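Residue-level structure breakdown
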Amino acid sequence: EKEHDRLSQAVSSYEDKLRNQQEKLDETLNKVEAAESHASRLASEIDTLKSTNTELGQSEQSHLEALSEKEETITQLQSKLEEISQEMQAVQLVEVNLKEKLLETEKERNTLQETLLLNQDKMEEMQRQLDTLATEKSELYDHEVERSYLEKEHDRLSQAVSSYEDKLRNQQ
């Protein structure tokens with residue numbers, strides 16, 4: 001009986017140890033399961049983060065490509081702006097040249113108008129001179145006609161005097 005009690009106590013003690021060990025194992029198993037569950041959640045979160053990171057990387061790549069396209073567009077626009085600026089400078093140069101030519105043409109027109117006015121003045125003066133010459137010519141013609149008449153009258157009177165003198169001599 002003592003041996004049975006001792007063995008019974010030993011079995012009981014062994015069972016207690018086994019129960020303790022089982023509880024510890026159960027605790028450890030629960031901790032392992034909790035750790036595995038936590039690890040699974042972490043793995044899921046890591047996958048989600050990897051997926052998000054991949055999406056962000058793709059988004060960033062898309063943004064970088066869009067940015068590159070925008071930079072290329074900006075470069076093209078800057079090039080076109082430079083071309084337009086050069087064309088505007090060329091147009092401004094042409095405009096300046098045209099204004100200079102217009103000023104020269106205006107000066108030439110003014111000079112021609114002045115010359116025309118001077119020529120008109122000269123023509124008026126020449127017309128006055130022609131009128132004066134015509135008047136003088138008319139007066140000279142009148143004088144010539146009168147002189148011719150007077151010469152003829154002088155000749156006639158000279159002949160009459162000569163004839164009268166001849167008659168007087170003959171009567172003498």
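Since the structure is predicted, the reported quantities are computational estimates derived from the model, not experimental observations.

1. Observations concerning the overall build of the protein
Regarding its fold elements, the protein presents one helix and zero strands. For 172 residues, the compact-globule estimate of 2.2 N^0.38 gives 16 Å, and the C-alpha radius of gyration of the protein, at 71 Å, exceeds that figure by more than 25%. Overall size of the protein, expressed as C-alpha extent along the three principal axes, is 240 × 15 × 10 Å. Counting across all 172 residues of the protein, residues that qualify as buried make up 0%. Of the side-chain charges in the protein, 22 are positive and 41 negative, and the distance between the mean point of each set is 1 Å.

2. A short note on the pattern of salt bridges
A side chain of one charge can pair with a side chain of the opposite charge when the charged atoms of the two come close. Applying the stated criterion to the full structure yields nine salt bridges. Aspartate 16 is paired through a salt bridge with arginine 19; the nearest N and O atoms lie 2.2 Å apart. Pair noted here: aspartate 16 and arginine 19 are both in helix α1 (residues 2-171), with a separation of three residues, about one helical turn. With its nearest N and O atoms 3.5 Å apart, the salt bridge here joins glutamate 95 to lysine 99. Taken as a pair, glutamate 95 and lysine 99 lie in helix α1 at a separation of four residues, close to a single helical turn. By relative accessible area, which is 39% here, glutamate 95 ends up partly exposed.

3. Side note on a negative patch on the surface
A cluster of acidic residues, Glu136, Glu139, Asp142 and Glu146, forms a negative patch at the surface. As for its placement among the helices and strands, glutamate 139 is situated in helix α1. Judged by relative accessible area, which is 43%, glutamate 139 ranks as partly exposed.

4. Concerning the environment of serine 12
Mapped onto the elements of the fold, serine 12 is located in helix α1. Remark: the alpha-carbon pair of serine 12 and glutamate 139, spanning 127 residues in sequence, is separated by 181 Å.

Calculation notes
Residues numbered from 1 in each chain as written. Predicted model: local features only at pLDDT ≥ 70, side-chain atom pairs only at ≥ 80, totals over all residues. Heavy atoms only, no water. Helix = DSSP H or I, 4+ residues; strand = E, 2+ residues; numbered from the N terminus. Rg over C-alpha atoms; globule rule 2.2 N^0.38 Å. Buried < 20%, exposed > 50% of the residue type's maximum accessible area, 1.4 Å probe, protein only. Lys, Arg positive; Asp, Glu negative; His and termini not counted. Charge placed at Lys NZ, Arg CZ, Asp CG, Glu CD. Salt bridge = Lys/Arg side-chain N within 4 Å of Asp/Glu carboxyl O. Patch = residues over 30% accessible without salt bridge, like charges linked within 9 Å, V, L, I, M, F, W, Y side chains within 5 Å. Areas by Shrake-Rupley, 256 points an atom, 1.4 Å probe, with all protein chains shown as cover.

In short, geometric facts, not functional conclusions.
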